[in-house]
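Residues per chain are reported as follows:
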Amino acid sequence: MAATIRRLEEAVVNRIAAGEVIQRPANAIKEMIENCLDAQSSSIHVTVKDGGLKLIQIQDNGTGIQKKDMEIVCERFTTSKLAKFEDLNNINTYGFRGEALASISHVAHVTIMSRTKDSKCAYKGCYNDGKLKESVKPCAGNLGTIISAEDLFYNVPTRRRTLKNIADEYSRIVDVVSRYAVHNSTVGFSLKKHGNPAADVKTPMSSNTVDNIRIIYGPSIAKELLAVKDEDPRLGMTLSGHITNANYSMKKGIFLLFINERLVECTQLHKALDSVYSTYLPKGCSPFLYLSLKIAPHNIDVNVHPTKYEVHFLHQEQVIERIQKAVEQCLLGCNSSRTFYTQTLIALPKSSQTNTSGQKETSGTEEEARTYGYNMVRTDYSEGKLDQYLQVQTQPSASTSAADKENTVPATASATDDRLATGTPAPKRQRKDMEERFPGNRYKVTLSSVLQLQRQSEKAVHEKLREIIREHTFVGCVNKSFSLIQHQTKLYLINNKNLTQELFYQIMLYQFGNFGMLKLSEKTSIQELALLALDLPECGWTPEDGDKVDIAKYACQFLISKAEMLHEYFSIEIDKDGNLCSLPLLLEGYIPELERIPLYLVRLVTEVEWDEEQRCFHDICKETSLFYALQKEILPVPSSQQSDEEELKWKNITEHVICPAMRTTLLPSLQRAEDATFLEIANLPNLYKVFERC
């Protein structure tokens, strides 16, 4: 008997269609990012939980959705970009079918909050199966749209079971956001996991393509990029992009292809470009490719795939051949010279073998026990120098009162700015396992959040780097950013900023609540300092953020509300009138660059997660360590205007204050072995080999 043909229910039809458009969380995020870009957003923030299955939230500062459109925004085939079928021939937007939000609402619980430029308030609506659950309600909100999708595929259990690997889903989301961030370099992107204060992908607004590639994919790719451009009016195509030269290769290549601003895949083009690179790269290696192809809208069909990952266009073979020739022309000449980069591995010290009696085994001959010249250490880190007893002397500030002068900061921590007047030595901890690093009598910190942060710092120690820091001999300063140190037979270039930032972060943790105070001789208005910070390019202020005066007032009032906690735990004193009175004394003999105070105070307001204790303490310690870190001036002084005395002063501080503190206190993290903080630039045995050839 023949089966009966029946009409499916609308809910079943919509759910099947949604499964084609939204195959996994990364597809949903791709669709929502494209909606944000269509809304002319300049900043897009994505937050996900459990790989996007539990929560996807995307926030933009675009044009928003009008209140009258909120009722139908999640219905199928509702769009503002298409009016009739013929419009597909000249489509210039990402979306056009009106299926993205509808599909998401059929497989997740969707909440939309949006505010347009003309609206006095935002409006919020909750959606299920493309329909509003209840009427749209007014609420407070910023310009733009926030879309939240919770419990993705809650009603499609089969699909939900196939997406078990949360880490894999999150890596796909990172890949999608990274690709759009590279292509849309003028838009600021950020992606983070829910509850994690640090973003896994973060690019600034008004950046450029090369900088975003450097931020996302690393400097090793960015420094090997070649710009490729081509145009063919006959085919109606324009090509631009960046590709790596013959010096760079990887096992698994990266291919970013955008056609008419749309992220797509093209297998034929990928194979054609692989054949070009096969001449230049070793077998099994692939390049990094970012290509943006623009084709006349009437020559391309974008409506050929449910997720829009594929497009068809006229003269496809000729266009691919033209791109292939453009890339090959760009690579010509690269094979004439090659640069080979070597990575120096930090060898772990060999453990001495012992026999059963507990005595060290020695070689059978004197020749084997002999120390050759190329293994001799020229200097001993334990030997002192005369100049370490000569401290830089500074005169007390002219503005210091008589009472203040009685309690002046010692010469090793004397003021380098006339605003700094007095200092109080910091007491010490009692914690037994830290006695060698922080000796003396201190009261014990019992806050579990601080103890947990201390344990995290101790677990992440790189033992070989710790040995290098503990036993190094200071050679000299290259500049404020870099110094040279020797360890045994090797010479290292170290990054001062990275190491001092980590040093002060650990001091903040282990001397928590027990800091000395650096008194300012004159109280300074936090509101005025915030206004100065907002004028700095590092602050990233834009007109869309609001009036500077209002932001400065808010920052001042916010810090006043946190003044008691900041004073008790961090020795940051703020009076009831909103004046900054003191800073913490982290290291005797070292004063931070006071010109960074405005930016530091603003970052305390914007970059600290104040609602959760452990994150709050971590963020405050992180921002304070960044403020205290040894780095270039925020307003660079021309070398012609920098006196010899000033240069000698910071060099002495680096050698006789910072380096001894790092030697006794710093626990270098594993990250410092990977981010070029330590660069081996000379090795005595290798130098002997070079001279032996001469």
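Along each chain, residue indices are assigned from 1 in the same order as the chain's sequence is written. Where totals are concerned, whole chains, interfaces and linings use all residues; where local detail is concerned, this predicted model gives features only for residues with pLDDT of at least 70, and gives and counts side-chain atom pairs only at 80 or more. Excluding hydrogens and water, the side-chain figures rest on all heavy atoms present in the structure.

The next subject is the overall build of the protein chain. Within the protein chain, the secondary structure is distributed over 21 helices and 24 strands. Throughout this description, buried means an accessible area under 20% of the type-specific maximum (1.4 Å probe, protein chains only), exposed means over 50%, and partly exposed covers the range between. Counting over 694 residues, the protein chain shows a buried share of 46%. Restricting the contact set of the protein chain to residue pairs at least 6 apart, pairs at least 24 apart contribute 69%. Strands here are runs of E lasting at least two residues and helices are runs of H or I lasting at least four, both read from the DSSP assignment and numbered beginning at the N terminus. In what follows, a contact means two residues having at least one pair of non-hydrogen atoms within 4.5 Å.

Our focus in this paragraph is the side chain of serine 449. With respect to the helices, strands and loops of the structure, serine 449 is situated in helix H12 (residues 448-459). If we ignore the near neighbours within four places in the chain, the residues touching serine 449 are Glu613, Gln614 and Phe617.

The subject of this paragraph is the sheet that holds strand S14 (residues 288-295). Strand order in this open sheet of 5 strands is S10-S11-S14-S12-S13, and the pairing throughout is mixed. Whereas interior strands pair on both sides, the edge strands pair on one side only; in this sheet they are strand S10 (225-232) and strand S13 (262-263). Set on the sheet, helix H6 (residues 209-217) makes contact with S10, strand S11 (237-244), strand S12 (254-259) and S14; between it and S14 the angle comes to about 140°. Under this scheme, a helix contributes an axis fitted over its contacting stretch, all axes are lines through C-alpha atoms, and angles between N-to-C directions fall in the 0 to 180 degree range. Packing of helix H9 (residues 316-331) onto the sheet brings it into contact with S10, S11 and S14, and relative to S10 it is tilted by some 140°. Strands are treated as partners if at least two bridges between them are detected by DSSP.

Glancing now at helix H19 (residues 613-628). In this model H19 runs 22 Å from its N-terminal to its C-terminal C-alpha over 16 residues, within 8% of the 22 Å that 1.5 Å per residue would give. Of the positions making up H19, those classed as buried are Cys616, Phe617, Asp619, Ile620, Cys621, Glu623, Thr624, Ser625, Phe627 and Tyr628. In this structure, the buried residues of H19 make contact with H12, helix H14 (496-510), strand S21 (516-525), helix H17 (563-570), strand S23 (579-585) and helix H18 (597-606). Residue count minus one, scaled by 1.5 Å, sets the expected span of a helix.

As summarised here, the arrangement of the 4 strands in space is S18-S19-S20-S24, forming an open sheet in which the pairing is antiparallel. The outermost strands of the open sheet, each flanked by one partner alone, are strand S18 (473-477) and strand S24 (678-683). Across the sheet, the axes of successive neighbouring strands diverge by a mean angle of 25°, strand direction being ignored. The strands touched by helix H13 (residues 463-470) are strand S19 (482-487), strand S20 (490-495) and S24; relative to S19, the strand with the most contacts, the crossing angle is about 95°. With respect to the sheet, H14 is in contact with S19, S20 and S24, its orientation differing from that of S20 by roughly 70°.

Ranked by size, the top nonpolar core spans 71 residues in total, and within it Phe570, Leu580, Leu583, Tyr590 and Leu601 carry the most contacts. Excluding residues that lie within four positions of it along the chain, phenylalanine 570 makes contacts with Met508, Phe512, Phe515, Met565, Pro584, Phe617, Ile620 and Cys621. Working definition of a nonpolar core: buried Ala, Val, Leu, Ile, Met, Phe, Trp, Tyr and Cys residues. They are joined through side-chain atoms within 4.5 Å. Among the nonpolar cores identified, the runner-up in size contains 56 residues, and Ile104, Ile112, Ile147 and Leu225 belong to it.

In this section: the packing of helix H2 (residues 25-38) against helix H5 (residues 166-183). In contact at an axis separation of 9 Å, H2 and H5 are set at 25° when each is read in the N-to-C sense. When the axis of H2 is compared with that of H5, the two are roughly parallel. Relative to H5, the crossing made by H2 is right-handed. For the pair H2 and H5, the contacting residues are Pro25, Ala26, Ile29, Lys30, Ile33, Glu34 and Leu37 in the first and Glu169, Arg172, Ile173, Val176, Val177 and Tyr180 in the second. Under this grouping Gly is polar, as are all residues other than the nonpolar Ala, Val, Leu, Ile, Met, Phe, Trp, Tyr, Cys and Pro and the charged Asp, Glu, Lys and Arg. In terms of residue class, the contact of H2 with H5 is made up of 9 nonpolar, no polar and 4 charged. We call two directions roughly parallel when the angle between them is under 35 degrees, roughly antiparallel when it is over 145, roughly perpendicular when it lies between 65 and 115, and oblique otherwise. By definition, turning the near helix anticlockwise from the far helix through less than a right angle yields a left-handed crossing, and turning it clockwise yields a right-handed one.

Of all 7 residues that make up strand S1 (residues 43-49), 5 are buried, and the element is covered over most of its length. Relative to strand S8 (residues 188-193), S1 is paired through 6 bridges, and the arrangement is parallel. Its bridge partner lying in S8, isoleucine 44 is registered against phenylalanine 189. Alignment of S1 against strand S2 (residues 55-60), held across 6 bridges, turns out to be antiparallel. The partner of histidine 45 across the bridge, within S2, is glutamine 59. Where S1 folds back onto S2 in an antiparallel hairpin, the turn is made up of 5 residues, including aspartate 50, whose phi is positive at roughly 55°.

The subject of this paragraph is helix H15 (residues 526-534). All of the buried residues in H15 are Ile526, Leu529, Ala530, Ala533 and Leu534. Buried positions in H15, seen along its axis, are confined to an arc of 140° and lie on one side of it. The inward-facing, buried residues of H15 abut S21, helix H16 (548-561), strand S22 (573-574), S23 and H18. Any pair of N or O atoms that falls within 3.5 Å is considered a polar contact. Within protein, one atom must be able to donate a hydrogen and the other to accept it, and sequence-neighbouring residues count only if both atoms are side-chain atoms. The opening residue of H15 is serine 525, an N-cap whose side-chain oxygen sits 3.3 Å from the backbone nitrogen of glutamine 527. As used here, the arc is the angular range of directions from the helix axis to the C-beta atoms.

Attention now moves to the pairing of S10. Bridge count between S10 and S11: 8 bridges; the pairing is antiparallel. Residue pairing across strands places lysine 229 opposite serine 240, the latter belonging to S11. Linkage of S10 to S11, two consecutive antiparallel strands, is achieved through a turn of 4 residues, within which glycine 236 is found at a positive phi near 65°.

What follows covers the confidence of the model for the protein chain. This prediction gives the protein chain a mean pLDDT of 79; 74% of its residues lie at or above 70. Every residue gets a pLDDT, meaning the predictor's confidence in that residue, from 0 to 100. Note on residues 350-368: pLDDT under 50 across the span, and 11 contacts to partners over four residues away in sequence or across chains. Scored below 50 in pLDDT, residues 392-435 makes 95 contacts in the model with residues more than four places away or belonging to other chains.

When a carboxyl oxygen of Asp or Glu lies within 4 Å of a side-chain nitrogen of Lys or Arg, that pair is called a salt bridge. Under the defined criterion, the tally for this structure stands at 23 salt bridges. When the shortest N-O distance is used, the salt bridge between glutamate 261 and lysine 294 registers 3.6 Å. Taken together, the residues glutamate 261 in the loop between S12 and S13 and lysine 294 in strand S14 connect sequence positions 33 residues apart. Classification of glutamate 261 as partly exposed rests on a relative accessible area of 28%. Assessed through its relative accessible area of 44%, lysine 294 is described here as partly exposed. In this structure, arginine 603 and glutamate 623 form a salt bridge, with 2.6 Å as the shortest nitrogen-oxygen distance. Taken as a pair, arginine 603 in helix H18 and glutamate 623 in helix H19 lie far apart in primary sequence, 20 residues in all.

Helix-helix packing is described using two parameters, namely the angle between the two axes and the distance between the axes. Orientation of H14 relative to H19, taken along the N-to-C sense of each, is 135°, at an axis distance of 8 Å. When the axes of H14 and H19 are compared, the pair comes out oblique. Along this stretch, H14 crosses H19, giving a crossing that reads as right-handed. In contact with Lys497, Gln501, Phe504, Tyr505, Met508 and Leu509 of H14, H19 contributes His618, Ile620, Cys621, Lys622, Thr624, Ser625, Leu626 and Tyr628. Each residue belonging to the contact of H14 with H19 can be placed in one class, and the counts come to 8 nonpolar, 4 polar and 2 charged.

Looking now at unusual backbone geometry. Even without being glycine, serine 571 reaches a positive phi, approximately 60°. Along the polypeptide, serine 571 turns up in the loop between H17 and S22. Of note in the backbone geometry, alanine 676 takes a positive phi value of approximately 65° without being a glycine. Among the structural elements, alanine 676 can be located in the loop between helix H20 (644-665) and S24.

Take the packing of aromatic side chains next. For any two aromatic rings, the description comes down to two numbers: the centre-to-centre distance and the angle of the planes. Note on ring pairs: Phe, Tyr and Trp rings are taken, using the six-membered ring of Trp, and paired if centres are within 6.5 Å. Classes follow the plane angle, with under 30 degrees stacked, over 60 edge-to-face and the rest tilted. Counting across every chain of the model gives 16 aromatic pairs. Measuring from centroid to centroid gives 6.5 Å for tyrosine 492 and phenylalanine 678, while their planes differ by 80°, and the two rings are edge-to-face. Here tyrosine 492, found in strand S20, pairs with phenylalanine 678, found in strand S24; they are 186 residues apart in sequence, far enough to count as distant. Of the two residues, tyrosine 492 and phenylalanine 678, both sit in the buried class. Connected via pairs of aromatic rings, a cluster forms that spans Phe504, Tyr590, Tyr600, Phe627 and Tyr628.

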